[in-house]
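# Structure at a glance
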Amino acid sequence: MSVVNGERVLPAGWAWAELGDLLQRIEAGKSFTCEPRPAEPDEWGIIKVSAMTWGQFDAAENKAVPEGREFDPAYEIRSGDVLVSRANTKAYVGAPVLVDVCRPKLLLSDKSLRLVPRDGVSKRWLVHFLRSPQARAYVEAKASGTKDAMRNLSQEALRRMPVALPPPAEQHRIVEALEEQLSRLEVALGSLKASAERSVSLRKALLEKAFAGGLLPARSGTGSARLLLQRVDAQVSAQAGKKRWSQQHTPAEEWCHDLPEGWEWRTLGSLSVLIQYGTSAKAESTPAGDAVPVIRMGNIQSGSIIMNDVKYLPVGHPDVEPTRLQDGDLLFNRTNSAELVGKSAVYRDGLGEAVFASYLIRCRLADGIDPDWVNAYVNSPDGRRYIRSVLSQQVGQANVNSAKLAMFPVPVPPLEEQAKIMDSLSEWYRLLEHSDKGRETAERRAARLRGALLRAAFGGTLTRQSPDDEPAVNFLARIAAGRALQARTKRTRKPMSKKAAVPADPAPEPTPAPALAVQQEFDL
């Protein structure tokens, strides 16, 4: 598609249309209270918006229809259906899927739409078009709602979507060329995904090896942790006083697997001079005058503190001094989803002045206990297993309180061995991070390439036009002629007796908009 004098010029044989011109109808499902579980194979289910989110139809994303509930089986989803998410987040509202193989007894919901295209419109072409940058820009502009958590796309807005329509024969050539290129891209993305999974597995293996002493170059007789722990006990007794966080030094036996010679098991509470909840004061998104950043649970990511999207407390607020962070403080996420509760990170002075919020717990460790060592163990497979065993599940949230955290099992090696193992872990992590950054760069390039392919396909530059193709304008003319005939038939229909009960006529389909108006919508 070229631009001449500021106007988009369509390729030969193409024509401007609206999406509604290309559809026989749009069907919307119904919604009702369902069972909070997926339907069994012999049960009816209703699909969730997540069934249409990730590019392929996922029949497993459904809820069971309650026994005895009446519904219209005409809403059943069939293989070959084109479905669109009517309500979703900004990124996924309007997301289309072409149903390939579908189990029986699945129904449309009120948040899903079925598009029934006219003869002469390729379903595969239509789905690819709805994924194109041109269509996505239109959807994001037209979807209503002020919150990113849920946007809505009306049927009318969907019908009015501008389409640069190629001839039917070229639609099939576009699909063939596009899917050939996209299939290669999917293979490359599959390799990147496998690489990411290997990176995660390697990190877990490194942590397991580290806390079994396997990352030490050789056991060189660095001695026992006994003297270190005697000094720790004295410091904890002196600084914690009556607020000893755990009178029990040894964790429960089921968590105490064999350790290298000279190492000992201790509870986190017996190694801490302070365990404390954060501030519950209302923080502001924008600092007013002198203000202190508040680290919240979302700032703890992958074992580190990321200072983005922070909130602030006034520097004079009474909670600032009691919750002011010091270098080496270990922050533990006590409330979150079951998958994320228990994540931790170490605060360092280089992050700048900060306090911490109430969904976090601060552990200040005694001298001689490396907070990075404890943080790595909390985030290790063994640490995650302990967290899962003690969390309490509430509605939508999981929680681990300070008493359970104080009983967290920590393997304690001599100080010199802590340092050597953390140096070895850091070196491995640097290599993995370098690999991760390369993979992330490749994924961004793949996303740009996908967008470029779709933009070219629906701008008329991916395939060549053929003079033998029937122009798209002829196809649109047949649609208009059919509508005119339907309208004349309705006007000449004999009136029915008042006693005869007949179903209401469907609403007339919209008349195609002028080409210039549709093009202007396309330029959104």
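This is a predicted model, so every value here is computed, not measured.

Let us look at the overall build of the protein. When its secondary structure is counted, the protein shows eleven helices and 27 strands. Split into buried and exposed, the 524 residues of the protein put 44% on the buried side. If you take every contact in the protein between residues at least 6 apart in sequence, the share linking residues at least 24 apart comes to 78%.

For the structure on display, the rule yields eleven aromatic pairs. A centroid spacing of 4.7 Å and a plane angle of 70° characterise the contact between Phe-211 and Trp-373, whose relative ring orientation is edge-to-face. Of this pair, Phe-211 sits in the loop between helix H4 (168-210) and helix H5 (226-240) while Trp-373 sits in helix H6 (residues 371-378); the two residues are 162 residues apart in sequence, bridging distant segments of the chain. Of the two residues, Phe-211 and Trp-373, neither departs from the other in class, the shared state being buried. Following the ring pairs from residue to residue traces out a cluster consisting of Phe-211, Trp-255, Trp-263, Trp-265, Trp-373, Tyr-377, Tyr-386 and Phe-408. Note that Arg-203 overlies the ring of Tyr-429, its terminal NZ or CZ placed 5.6 Å from the centroid.

A word on the pattern of salt bridges. Tallied over the entire structure, the rule returns 26 salt bridges. A salt bridge links Arg-37 to Glu-43, with the shortest nitrogen-to-oxygen separation between them at 2.9 Å. For Arg-37, a relative accessible area of 33% corresponds to the partly exposed category. A salt bridge links Asp-327 to Arg-348; the nearest nitrogen and oxygen atoms lie 3.2 Å apart. Of this pair, Asp-327 sits in the loop between strand S19 (311-314) and strand S20 (330-333) while Arg-348 sits in the loop between strand S22 (344-346) and strand S23 (355-356), placing them 21 residues apart in sequence.

Below, the discussion takes up the sheet that holds S22. Strand order in the open sheet formed by four strands is S15-S24-S20-S22, with antiparallel pairing between adjacent strands. Since the sheet does not close on itself, it has two edges, and those belong to strand S15 (272-277) and S22, each with one partner. Going across the sheet, the axis of each strand differs from the next one's by a mean of 20°, ignoring polarity. With four bridges joining them, S20 and strand S24 (residues 360-365) adopt antiparallel strand pairing. Among the inter-strand pairings, Leu-330 is bridged to a residue of S24, identified as Cys-363. Seen against the sheet, H6 touches S20, S22 and S24 and runs at an angle of roughly 165° to S22.

Within a sheet, adjacent strands bond to each other through the backbone by hydrogen bonds, running parallel or antiparallel. With antiparallel pairing, the three strands of this open sheet are ordered in space as S21-S26-S25. Of all strands in the sheet, those bounded by a partner on one side alone are strand S21 (335-336) and strand S25 (392-394). Sheet topology note: the S25/strand S26 (residues 397-399) ladder contains three bridges and is antiparallel. Bridging across to S26, Gln-394 finds its partner in Gln-397.

This next bit is on the nonpolar core. Counting 46 residues, the largest nonpolar core has Val-374 and Phe-408 as its most contacted members. If you look at the next biggest cluster of nonpolar residues, it comprises 45 residues, including Val-93, Ala-157, Met-161 and Ala-472.

Turning our attention to the environment of Asn-308. Mapped onto the secondary structure, Asn-308 falls in the loop between strand S18 (304-305) and S19. In this structure Asn-308 comes out as partly exposed when scored by relative accessible area, which is 39%. For the pair Asn-308 and Gly-298, spaced ten residues apart in sequence, the C-alpha separation works out to 8.9 Å. Contacts of Asn-308, omitting those with residues within four sequence positions, involve Asn-299 and Gln-301.

Right, let's get into the packing of H6 against helix H9 (residues 415-457). When two helices pack together, their arrangement is captured by the angle between the axes and the distance separating the axes. Here H6 crosses H9 at 60°, and the two axes come no closer than 10 Å. The orientation of H6 relative to H9 falls into the category oblique. Read as a crossing pair, H6 and H9 show a hand that is left-handed. Contact residues: H6 offers Asp-372, Trp-373 and Ala-376, while H9 offers Gln-418, Ile-421, Met-422 and Leu-425. Across the contact of H6 with H9, the residue classes tally to five nonpolar, one polar and one charged.

Glancing now at a nonpolar patch on the surface. Taken together, the side chains of Leu-202, Trp-428 and Leu-431 define a hydrophobic patch exposed on the protein surface, amounting to about 270 Å² of accessible area. Considering the arrangement of structural elements, one finds Trp-428 in helix H9.

Looking now at the confidence of the model for the protein. Here the protein averages 88 in pLDDT, while 89% of its residues score no lower than 70. Confidence over residues 499-513 falls short of pLDDT 50; this stretch has 16 contacts with residues more than four positions distant or in other chains.

On to the pairing of S24. Counting buried residues along S24, six of its six residues qualify, which places the element largely inside the surrounding structure. Side-chain alternation along S24 places Leu-360, Arg-362 and Arg-364 on one buried face and Ile-361, Cys-363 and Leu-365 on a second face that is also buried. Strand direction decides the pairing type here: S15 and S24, joined by five bridges, are antiparallel. Note that in S24 the partner of Ser-272 across the bridge is Leu-365.

Further remarks concern unusual backbone geometry. A positive phi angle, near 65°, is found at Lys-105, a position not held by glycine. Checked against the element boundaries, Lys-105 lands in the loop between strand S9 (96-98) and strand S10 (106-107). Given the relative accessible area of 28%, Lys-105 is considered partly exposed. Positive phi is not limited to glycine here, since Ser-302 has a value of about 50°.

Here we come to the side chain of Thr-335. Its location among the elements puts Thr-335 in strand S21. Separated by 2.7 Å, the side chains of Thr-335 and Asn-399 make a polar contact. Discounting residues that sit within four places of it in the chain, Thr-335 has contacts with Met-297, Val-341, Tyr-359, Gln-397, Ala-398 and Asn-399.

Considering the arrangement of structural elements, one finds Glu-170 in helix H4. Ignoring anything within four residues of it in the chain, the contact list for Glu-170 reads Trp-14, Thr-463, Arg-464, Gln-465 and Asp-469.

This next bit is on the environment of Lys-343. Locating Lys-343 in the fold gives a position in the loop between S21 and S22. For Lys-343, a relative accessible area of 16% puts it in the buried group. Remark: the alpha-carbon pair of Lys-343 and Asn-333, spanning ten residues in sequence, is separated by 5.5 Å. Those residues within four positions of Lys-343 in sequence are excluded, and the remaining contacts are Met-297, Ile-300, Leu-331, Phe-332, Asn-333, Asn-336, Asn-379 and Arg-384. A distance of 2.9 Å separates a polar atom in the side chain of Lys-343 from the backbone oxygen of Ile-300.

Criteria and thresholds
- Residues numbered from 1 in each chain as written.
- Predicted model: local features only at pLDDT ≥ 70, side-chain atom pairs only at ≥ 80, totals over all residues.
- Heavy atoms only, no water.
- Helix = DSSP H or I, 4+ residues; strand = E, 2+ residues; numbered from the N terminus.
- Buried < 20%, exposed > 50% of the residue type's maximum accessible area, 1.4 Å probe, protein only.
- Contact = heavy atoms within 4.5 Å.
- Phe/Tyr/Trp six-rings, centres within 6.5 Å; stacked < 30°, edge-to-face > 60°.
- Lys NZ or Arg CZ within 6 Å of the ring centre and 35° of its normal.
- Salt bridge = Lys/Arg side-chain N within 4 Å of Asp/Glu carboxyl O.
- Pairing = 2+ DSSP bridges.
- Axes fitted to C-alpha atoms, helices over the stretch in contact; angles between N-to-C directions.
- Core = buried A, V, L, I, M, F, W, Y, C linked by side-chain atoms within 4.5 Å.
- Parallel < 35°, antiparallel > 145°, perpendicular 65-115°, else oblique.
- Left-handed = near helix turned anticlockwise from the far one by under 90°.
- Nonpolar A, V, L, I, M, F, W, Y, C, P; charged D, E, K, R; others polar.
- Patch = residues over 30% accessible without salt bridge, like charges linked within 9 Å, V, L, I, M, F, W, Y side chains within 5 Å.
- Areas by Shrake-Rupley, 256 points an atom, 1.4 Å probe, with all protein chains shown as cover.
- pLDDT = per-residue confidence, 0-100.
- Polar contact = N/O pair within 3.5 Å; in protein donor to acceptor, adjacent residues only side chain to side chain.

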